[in-house]
Amino acid sequence: MVRKGILTSLIALSTIFAVGCWDRVEIEKNAFILGLGIDLEEDNSLNITYQVALLDSFKGEKGEKSKSTQQISIKSNSLSESRDALLKHFGDTPNLSHCKLIVFGEEYARNGIKSSLDYLFREPDIRRITSVCVAKGRAKEVLDSEPQTAPSSAMVIDQIVTQNSANNSGIFPFPDIGYLHRNFIRESDVALVGINAGKDTVEVSGAGIFKDYKLVGWFSDSEVIGQRFILGEVHKGLLTADLSYEMGDRLTLNAYNINVRTIPKIKDGKIKIETKVFIEGDINEVGNPTTKLDTKTLLEFWGKAVENKIRDTVDAAYKKGRDTYGVDCFEIDEKIEGYYPKFWKEHGKEWNELFKTADLDLEIKVKIRRVGLIEP
Amino acid sequence: MKITKKDRNPKNREVMEENDPPQLKAEEKVDVTLSNSTEENLEKFKAFLGDSSDAVFREFRLGSQGIPCALVFIDGLVNSDVINKNILKSLMYEITVLERARNESIQVESAYDFIKQNAVAVGEIAEASTLDKCMLMVMSGEVALIVEGSEKILIVNARGWPARDVSEPVTEGSVRGPKDAFTETLRVNTALLRRKCKDPNMVIKTIQLGRRSKTDVSYVYVKGITDPGLIEEVEKRLNQVDVDEIMETGQIEQWIQDSTLSPFPQVQLTERPDTTVSNLLEGRVAILVDNSPFAIIVPAGLYQFFQAPEDYYDRWIIGSFLRFLRWSASLLAAFVPALYIAVITYHPSFLPTPLALAIAANRVNIPFPAFVEAFLMEVTIELLRESGARLPKAIGQTIGIVGGIVIGDAAVRAGITSPSMVLLVAITAIASFVIPTYSAGIALRLIRFPLMILAAILGLYGVALGFILLNIHLVSLKSFGFDYMTPQAPVVPQDTRDWILRLPRNLLWRRPISVHPVDIDRMDQDPYKENGNG
Amino acid sequence: MVKKHDKLGGLQYISLISTTILGVIVISLPKIAAESAQEGALLSTFLAGVLVAIFAVSMNILGRRFQKKTVIEYLVSLLGKPLGKFLGVILIIYFMFSTSLVLRGFSDALKGLLLHSTPLEVIMVSMLFTAVYLSLNGINAIAKISELFLPIIILSLILVIGLSINSFSYVRLRPVLFPPLWRTVKGMPNVITAFLGYEIILLIIPFVERKKADIPRTLIGIAIPTVLYILLVIMAVGAFGLRPSQQINYPTIALARIINFPGAFADRFDIFFVILWILAAFTSVANLLYISSLSTVRLFGLRNYQTFIYILTPIVYMLAILPQDLPEIRKVNTYVGYLGAGISMLVVGLLIFALVFGKKEHENG
């Protein structure tokens, strides 16, 4: 009896609820925003570009290729205001949950990106793995470009930075909001993937270096490789070395196993960063294959050459970061905090000064395992 | 047992008195105690059966004294060969030969005993001393032999009526295993059981249920395995059945089930003797009803509805795979429409971007909300199923084609529904038919409608609530006092060997403990030890 | 054979304890631990688990001394009528506040995570009604539901922990591996609130088969949430770092948010996880609601707990809807936490008292 009573009241209740359906938005009534770009206007207000998917072009049956996205730019003071203003542009509900990419314009980045970060961290629709990058130029140009390999530029860039960074060591490996948030709270400096955009091409190139969340300069692709070695975030990829013509001219090594261990050491208040690198790889291509030396000597020599090349690359990146920009974009502070929590508690505040005196101690070992189908 | 019962409802009496002729006033006219006069007894039968054209009253004289006798039987229910050759011939002709040979004549006083002992060449005979008992026998197809000078009537078994042959199971077809199924004749069905299991401990008890239909209902169990408490409970519940007619096992099921407020079947219905016997040997009780080709097996757990006999006939890996398939299909059938509605209308972020965009693009021109769309399509498919089931096979296929292909395609082209919805509805429909038990399949198809409503109101939270409510309902269900959700809740580790997985036979050395069998081992616990090999 | 009320089995006993503890709090536990214990987050979670285990075992031993009696009744027989009844009332208040806190925490989180514009009341009432429906079915149904959902809850947490292992970094975890003792101890009261609900042991022992409600099973019941909590703290701190973990409101959800769903049909693991987490929250609400009404019934010496569910439900709802904002909820949470700790201490005290002075009531019950 009691159970019956409960059941009836439940059913009655649910009919009352049926009037509500508060959160209901039919899927086609969503305006899916695929990319978000933030630029700075001349009057110091923000120009926010939304890349909105045009649903007609995503139908199963493909007719002639039509535009698949529309970019809507809105001038406003903050991200949430601009999202509100989006409602004046179309009848659908803006939906950020499929936002693949957030791009900062170069000018805006130089001015500081702190103002928009809070919204990106707070908004539940934006995921922690949403890609973030900085444009070499205006963010709107990046979103406006129409690469042909995917429906939208945001999706292309997202795929590049999330999937290809494992295989190409020239791509900065932390492209997401989670990385930004983690470092933002710890008040440490960051780097972001740089993007070059043409009319119908986009290209990942280097990384933008931020000091106190203001863009201060760029790393080139090779410097990103060096940076990744210090970060310990490189696992495989192509490595090259320039040689004399007699010794093979130019060597490409396919490193299939790269093992990096970075441990900071503190001795008498002096910080030393010990990075141990171990690389296993196969010969991929040799510029001049007519060398006369025997295989063993040659392989040893080439291994040394690659070692030297990496040492130069890493040193260059480290010096540029430390001396030119004075930015610890290598997450060394995190390692210090991990290994020397007491030291960090006392000296964490002066890290910017301390970092300038920190030295990098590299130890690299390269093993060439296989040579391919022909003798070297 | 009474032929007519006094009406309990006072209203009935009034109705009967107003309308003439009254329904049956024979009881008032006829004294139901038998007399020793053939003529009087015959009159009593005629008072009931005189109006029926299929009742046969055959009067004849017996022996040299010309003792009046009569046969009463229902034409069509009896084997006329037996009546002609084994009863009439011996009574009318052979008995005079006997008289002559023995040189004596049968007297009226001893005629009854003489006939019983010497003159009826039929294996199964019985005696009836009341009209009630006698009438019941006649109505079940036996022959009543009325002899002058006796207050007893001889009942001779000459049953024989048109019956369907044993044929293949229709609702529980299987690729492997025996192909015989129960028929409408109770005796044939019990014989099928005996053929499968020759254990003399298998008891078949019969009672008659139904005030007017007087249907034979047998319950079968194996003494020494089945929990005595369970047998008691079955007897108790069967005796509570008090209706006019029992046409089918389904009616018994509704009388004896634990909860009438549940869409889920609480007894197992089967038309396969092999399924029945293996359940009997697990300690369950089977109930067979005359005129019904289905057996009820109690107690039933939810997991039983996902079992097919092939699971045991095939190798265990295949059996386990099929079971796993059925469980996932049932979850699919119940929850996928609701999940689809919830995701589409509340959480498009749940889908990968390309899929979300594709579904959204396909829905751009659909005028209905996803819930209405899904509801329409689900109702359509239920209509198709129902009409297909009732129509002759040839037309049923046409309906299937018209419904499935033409309506589906036209609805998409007309922009009433999206292709993804058609796909989804089709998949769930197929999935719901994977479950071997028809009634369980229907229950699953039914519960997806409330789930869809919950999903439309509260999104995935609603679906989660629906899942919780469903589980609460299931765990509080009982079948004959046994937990419905065993071996999941409560967990019976031993029984989980034969649950979603069907482990190798040599690991299933115990009967399901959740049925409380008296004898729990069905094989030697360690079959390898004595054989000395693997 | 046809038993109307079976005694609960050992597994049901374990799962009742575990599912009541594992509730709303699993999604914010790493934050609570990291915030209140700082570098001691990991150790304080572990120590809280140990402490709770000690409390739980004392409750178990005490409960088994009084077969067929719940805490409400044996308080009276231990301490006399006035004091015993008074403590019983406090216990009931504690259980009711716990129920409403869990309900409120659940509704707030769900509103923030899934249903942004659905009114809080609707979420609360629908959840409460489902819990009432289960509670009305009695302890057997509750135990079976716990048993059914516990594997799902454990599996969902293990999945979150296992699948986010890619973001784990040993370096980020290192600071919590060498905890300062003082901070650890200081953070423990807050961390213990995450174990709220283990007091269910006080009431369910009479319903469990006598031999099944033993100390090892009690320990397993506490160990399941403890281990999961420790793993969650390790994962959250390892993935986000200690200080970010303090800043993120629902770190477990955040962990789920960095997981890409394996497979093509779904993308976001967090939504999937939230659905399973609803089951965890539900078992907590339902179990707590049931024991609140059960203890009330026992206090009045009546039989029919179902009436009291109807009476208590609106009160629980009012208590849950009363706090206006986050700080108020946290304040209530803290007080209830202290009350729970006090009750647990009391039980230990009672146990010592009973061991020293009390006569055994094993047989007469």
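These numbers come from a predicted model, not from an experiment. (Residues numbered from 1 in each chain as written. Chains lettered and ligands numbered in written order. Predicted model: local features only at pLDDT ≥ 70, side-chain atom pairs only at ≥ 80, totals over all residues.)

### Side note on the overall build of chain B
No. 1: Secondary structure assignment for chain B yields 18 helices and 12 strands.
No. 2: By the compact-globule yardstick of 24 Å for 534 residues, chain B is too spread out, its C-alpha radius of gyration being 31 Å.
No. 3: For chain B, the spread of C-alpha atoms along the three principal axes comes to 105 × 75 × 45 Å.
No. 4: Residues counted as buried form 40% of the 534 residues belonging to chain B.
No. 5: In chain B, once contacts between residues fewer than 6 apart in sequence are set aside, the share between residues at least 24 apart is 66%. (Helix = DSSP H or I, 4+ residues; strand = E, 2+ residues; numbered from the N terminus. Rg over C-alpha atoms; globule rule 2.2 N^0.38 Å. Buried ≥ 20, exposed ≤ 12 C-beta atoms within 10 Å, placed from the backbone. Contact = placed C-beta atoms within 7 Å.)

### Some points on the overall build of chain C
No. 1: In terms of helices and strands, chain C carries 16 helices and zero strands.
No. 2: Expected size for 365 residues packed as a compact globule is a radius of gyration near 21 Å; at 20 Å, chain C falls within 12% of this value.
No. 3: A principal-axis box enclosing the C-alpha atoms of chain C has dimensions of 60 × 45 × 45 Å.
No. 4: Within chain C, the fraction of its 365 residues that count as buried is 58%.
No. 5: Sequence-distant contacts in chain C: of pairs separated by 6 or more residues, those separated by 24 or more amount to 84%.

### A look at the nonpolar core
No. 1: Judged by nonpolar contacts, the single largest core of 295 residues is most densely connected at B:Ile341, B:Val463 and C:Val285.
No. 2: Counting residues per element, this core draws most heavily on helix H17 (residues 438-476) of chain B, at 23 residues.
No. 3: Discounting residues that sit within four places of it in the chain, C:Val285 has contacts with C:Thr99, C:Val102, C:Leu103, C:Phe106, C:Met127 and C:Ala131.
No. 4: B:Val220, B:Val222, B:Leu230 and B:Phe294 belong to the second largest nonpolar core, which has 36 residues in total. (Core = buried A, V, L, I, M, F, W, Y, C linked by C-beta atoms within 7 Å.)

### Digging into the confidence of the model for chain C
In low-pLDDT regions, the fine details of the predicted coordinates are not to be read closely.
All names here are of chain C.
No. 1: Averaged over every residue, the pLDDT of chain C is 89; residues scoring 70 or more account for 96%.
No. 2: Here helix H16 (residues 326-356) stands out as the element of chain C with the lowest mean pLDDT, 86, in contrast to helix H11 (residues 215-240), whose mean of 95 is the highest.
No. 3: For this predicted complex, the interface confidence comes out at an ipTM of 0.94, alongside a pTM of 0.91. (pLDDT = per-residue confidence, 0-100.)

### Digging into the interface of chain B and chain A
No. 1: Counting residues at the interface gives 22 residues for chain B, matched by 24 residues for chain A.
No. 2: For the side of chain B that touches chain A, the elements supplying multiple residues, two or more each, are helix H12 (316-345), helix H13 (353-362) and H17 of chain B.
No. 3: At eight residues, H13(B) tops the list of elements feeding residues into the side of chain B that touches chain A.

### Describing the pairing of strand S9 (residues 285-289) of chain B
Residues and elements named next belong to chain B.
No. 1: The buried fraction of S9 is high, at five of five residues.
No. 2: Of the two faces of S9, the one carrying Val285, Ile287 and Val289 and the one carrying Ala286 and Leu288 are both buried.
No. 3: Where S9 and strand S10 (residues 295-298) come together, four bridges link them in antiparallel fashion. Bridging across to S10, Leu288 finds its partner in Ala295. (Pairing = 2+ DSSP bridges.)

### As for the pairing of strand S1 (residues 55-62) of chain B
All names here are of chain B.
No. 1: Where S1 meets strand S2 (residues 67-74), eight bridges bridge the pair, whose relative direction is antiparallel. Looking at the pairing, Arg58 lines up with Leu71 of S2.
No. 2: Between S1 and S2, which pair antiparallel one after the other, the connecting turn spans four residues, and Gly63 there sits at a positive phi close to 70°.

### Some words on the interface of chain C and chain B
No. 1: Contact with chain C, which involves 28 residues of that partner, is made by 28 residues of chain B.
No. 2: Counting only elements with at least two residues in the side of chain C that touches chain B, the list comes to helix H1 (10-21), helix H6 (120-136), helix H7 (138-163) and helix H14 (269-300) of chain C.
No. 3: Of the residues belonging to the side of chain C that touches chain B, the class tally is 18 nonpolar, five polar and five charged. (Nonpolar A, V, L, I, M, F, W, Y, C, P; charged D, E, K, R; others polar.)

### Comments concerning helix H2 (residues 79-86) of chain A
Side chains of residues three or four places apart in an α-helix project in the same direction, reflecting 3.6 residues per turn.
Residues and elements named next belong to chain A.
No. 1: Within H2, burial applies to Leu79, Ser82, Arg83 and Leu86. Down the axis of H2, the sector holding all buried residues measures 105°, keeping them to one side.
No. 2: In this structure, the buried side of H2 is in contact with strand S2 (46-53), strand S3 (69-76), strand S4 (93-95) and helix H4 (114-122). (Arc of directions from axis to C-beta.)

### Thoughts on the sheet that holds S10(B)
Across a sheet, strands are paired by hydrogen bonds formed along the backbone, either parallel or antiparallel in direction.
Residue and element names in this part refer to chain B.
No. 1: A sheet is described by the order of its strands in space; here five strands give the open sequence S6-S7-S9-S10-S8, paired in antiparallel fashion. Where the open sheet ends on each side, the last strands, each with one partner, are strand S6 (202-209) and strand S8 (268-270). Direction aside, the axes of adjacent strands within the sheet are offset by 25° on average.
No. 2: Taken together, the three bridges between S8 and S10 define a ladder with antiparallel strand orientation. Residue pairing for S10: Thr270 is matched across the bridge by Ala295.
No. 3: The strands touched by helix H7 (residues 186-196) are S6, strand S7 (215-222) and S9; relative to S7, the strand with the most contacts, the crossing angle is about 10°.
No. 4: On the sheet, helix H8 (residues 228-239) packs against S6, S7, S9 and S10 and is oriented at approximately 170° with respect to S7. (Axes fitted to C-alpha atoms, helices over the stretch in contact; angles between N-to-C directions.)

### Thoughts on H16(C)
No. 1: With 31 residues, H16(C) ought to run about 45 Å at 1.5 Å a step, and its terminal C-alpha atoms sit 45 Å apart, in line with that.
No. 2: For H16(C), the set of buried residues is C:Asn333, C:Val336, C:Gly337, C:Gly340, C:Ser344, C:Val347, C:Leu350 and C:Leu351. (Expected span 1.5 Å × (residues − 1).)

### Considering the packing of H7(C) against H14(C)
All names here are of chain C.
No. 1: Relative to each other, H7 and H14 sit at 145°, their axes nearing to 9 Å. Seen along the crossing, H7 lies across H14 with a hand that is left-handed. Mapping the contact onto sequence places Ile142, Ile145, Ser146, Phe149, Ile152, Ile153, Ser156, Val160 and Leu163 in H7 and Phe269, Phe273, Leu276, Trp277, Leu279, Ala280, Thr283, Ala286, Asn287 and Tyr290 in H14.
No. 2: For the contact of H7 with H14, the residue count by class is 15 nonpolar, four polar and no charged. (Left-handed = near helix turned anticlockwise from the far one by under 90°.)

### Some words on the sheet that holds strand S10 (residues 237-242) of chain A
Residue and element names in this part refer to chain A.
No. 1: Here four strands make up an open sheet; going across it, the order is S10-S11-S12-S13 and the pairing mixed. Strand pairing shows two members of the sheet lacking a second neighbour, S10 and strand S13 (359-370), which therefore form its edges. Going from strand to strand, the sheet's axes swing by 40° on average, the running direction of each strand aside.
No. 2: Of the strand pairs in this sheet, strand S11 (residues 250-267) and strand S12 (residues 270-286) are connected by 16 bridges, and their pairing is antiparallel. Counted as the bridge partner of Pro264 is Ile273 from S12.

### Observations regarding the environment of A:Asp221
Residue and element names in this part refer to chain A.
No. 1: Within the secondary structure, Asp221 is located in helix H8 (residues 221-231).
No. 2: Using a count of 16 C-beta atoms within 10 Å as the deciding quantity, one classes Asp221 as partly exposed.
No. 3: Sequence separation of Asp221 and Asp294 is 73 residues, and the distance between their C-alpha atoms is 34 Å.
No. 4: In this structure, Asp221 is in contact with Gly170, Ser205 and Gly206, ignoring residues within four places of it in sequence.

### Details of the confidence of the model for chain B
No. 1: In this model, chain B carries an average pLDDT of 85, and 92% of its residues clear a pLDDT of 70 or more.
No. 2: Between residues 1-6 of chain B, whose pLDDT stays under 50, and residues either more than four places distant or in other chains, the model counts eight contacts.

### Re unusual backbone geometry
No. 1: Here B:Val298 and B:Pro299 are connected by a cis peptide whose omega angle stands at -10°.
No. 2: Along the chain, B:Pro299 turns up in the loop between S10 and helix H11 (310-313).
No. 3: For the bond from B:Thr486 to B:Pro487, the omega torsion is -5°, close enough to zero to count as cis.
No. 4: Among the secondary structure elements, B:Pro487 is positioned in the loop between strand S12 (482-483) and helix H18 (527-531).
No. 5: The phi dihedral of A:Asn44 falls on the positive side, at around 70°, and the residue is not glycine.
No. 6: Structurally, A:Asn44 is set in the loop between strand S1 (30-40) and S2.
No. 7: Residues other than glycine seldom take positive phi values, yet B:Phe480 does so here, at roughly 55°.
No. 8: By secondary structure assignment, the location of B:Phe480 is in the loop between strand S11 (478-479) and S12.

### Quick notes on the environment of C:Trp277
Residues and elements named next belong to chain C.
No. 1: Mapping Trp277 onto the fold places it in helix H14.
No. 2: By the C-beta count within 10 Å, which is 29 here, Trp277 ends up buried.
No. 3: Spatially, the C-alpha atom of Trp277 lies 26 Å from that of Leu339, the residues being 62 residues apart in sequence.
No. 4: The contacts of Trp277, once residues within four sequence positions are left out, are Val26, Ile27 and Ser156.

### Quick look at the packing of H1(C) against H11(C)
Residue and element names in this part refer to chain C.
No. 1: Two numbers describe how H1 lies on H11: the axes approach to 8 Å, and their chain directions differ by 35°. In this structure, the crossing between H1 and H11 has a hand that is right-handed. Together, Gly10, Tyr13, Ile14, Ile17, Ser18 and Ile21 of H1 and Arg217, Thr218, Ile220, Gly221, Ile222, Ile224 and Pro225 of H11 make up the contact between the two elements.
No. 2: Residue classes in the contact of H1 with H11 are distributed as eight nonpolar, four polar and one charged.

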